[in-house]
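So the chains spell out like this:
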Amino acid sequence: MMSETTVIRDHLLSKSESSSNNNNNNNNNNNNNNNNNNNNIFTKPYMQNNASSDQPPLCRDEAVDHDMNVVISEVEYIESEKLDDLEDVDTSLKMLIPGLESKDWVLLCEALNNVRRCSIYHNEALEDILDTIISLLVKSLKNPRSAVCKTGIMTCADVFKAFGDKIIHFLDPLFTQLLLKSSQDKRFVCDAAEKALEALTT
């Protein structure tokens, strides 16, 4: 007759073998899962910002082109006193309206900065198209992309300083949008809107 000790020993050996088999199966499953996870991981290209602290802040945005490559775009927030004059005024003026109507946010920001440059260095060149500029400027303030919105706000400040009372008939929609932006939850947009409102009242 088989003793109780033998029965217990056989039972423990059976459990041990079963546990060992389960562990092996789990390890195999984990290895397979790790391999699958490694195959699914992709690394986005990274562009390191080596700019020094005295350079204009950047707004970085990522998009995917038609070849499924990640494209990183950056827009500078340039203070008015650091804006350089346009290299080719006539060409820039011709591209101004199309740029402000562009759905490409980087081109739109570039066009807004060119409006700022014209306001500072060549404001007389904008007088004939000022109503169109203001209309598109209001549109930029409603843009959901923060980079466009802030650049548009900075453009408002430069336009106010350059034209003063000449734009009094266009102020209502601009003023309304600036008030809305000054109470936004994004601090850097609020600060820019407050500066633009100060430019309007001084």
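Note that the structure is a prediction, hence the values are computed from the model and not measured. (Residues numbered from 1 in each chain as written. Predicted model: local features only at pLDDT ≥ 70, side-chain atom pairs only at ≥ 80, totals over all residues. Heavy atoms only, no water.)

Trainee: What am I meant to see in the pattern of salt bridges here?
Mentor: Pairs can form between side chains of opposite charge whenever their charged atoms are close. Evaluated as defined, the whole model comprises four salt bridges. Between R116 and D158 there is a salt bridge, and its shortest N-O distance comes to 2.6 Å. Of this pair, R116 sits in helix α3 (residues 105-121) while D158 sits in helix α5 (residues 146-163); the two residues are 42 residues apart in sequence, bridging distant segments of the chain. Pair check on accessibility: R116 and D158 agree, each one buried. One salt bridge connects R187 with E194, and the closest N-O pair in it is separated by 3.4 Å. For R187, a relative accessible area of 48% translates into the label partly exposed. For E194, a relative accessible area of 35% corresponds to the partly exposed category. (Salt bridge = Lys/Arg side-chain N within 4 Å of Asp/Glu carboxyl O. Helix = DSSP H or I, 4+ residues; strand = E, 2+ residues; numbered from the N terminus. Buried < 20%, exposed > 50% of the residue type's maximum accessible area, 1.4 Å probe, protein only.)

Trainee: Could you clarify how one ought to interpret the nonpolar core in this entry?
Mentor: Note on soluble globular proteins: their nonpolar side chains tend to be buried together. The biggest cluster of nonpolar side chains holds 41 residues, and the ones touching the most others in it are L100, I153, C156, F160, L174 and L178. If you tally residues by element for this core, the top one is α5, at ten residues. In contact with F160, other than residues within four places in its own chain, are I167, L171, L174, L178, A196, A199 and L200. (Core = buried A, V, L, I, M, F, W, Y, C linked by side-chain atoms within 4.5 Å. Contact = heavy atoms within 4.5 Å.)

Trainee: Which parts of the structure should I look at to understand a negative patch on the surface?
Mentor: On the surface, a cluster of negative charge is made up of D84, D85, E87, D88 and D90. Residue placement: D84 occurs in the loop between β2 (70-76) and α2 (89-100). (Patch = residues over 30% accessible without salt bridge, like charges linked within 9 Å, V, L, I, M, F, W, Y side chains within 5 Å. Areas by Shrake-Rupley, 256 points an atom, 1.4 Å probe, with all protein chains shown as cover. Lys, Arg positive; Asp, Glu negative; His and termini not counted. Charge placed at Lys NZ, Arg CZ, Asp CG, Glu CD.)

Trainee: Explain the packing of aromatic side chains to me, please; I cannot follow it from the model alone.
Mentor: How two aromatic rings sit relative to each other is set out by the distance from centre to centre and by the angle between their planes. Summed over all chains, the structure comprises one aromatic pair. Centre to centre, the rings of Y77 and F188 are 6.3 Å apart; their planes meet at 35°, and the pair counts as tilted. Note that Y77 is positioned in the loop between β2 and α2 and F188 in helix α7 (residues 187-201), a separation of 111 residues in sequence. The class of Y77 is buried, set by a relative accessible area of 7%. (Phe/Tyr/Trp six-rings, centres within 6.5 Å; stacked < 30°, edge-to-face > 60°.)

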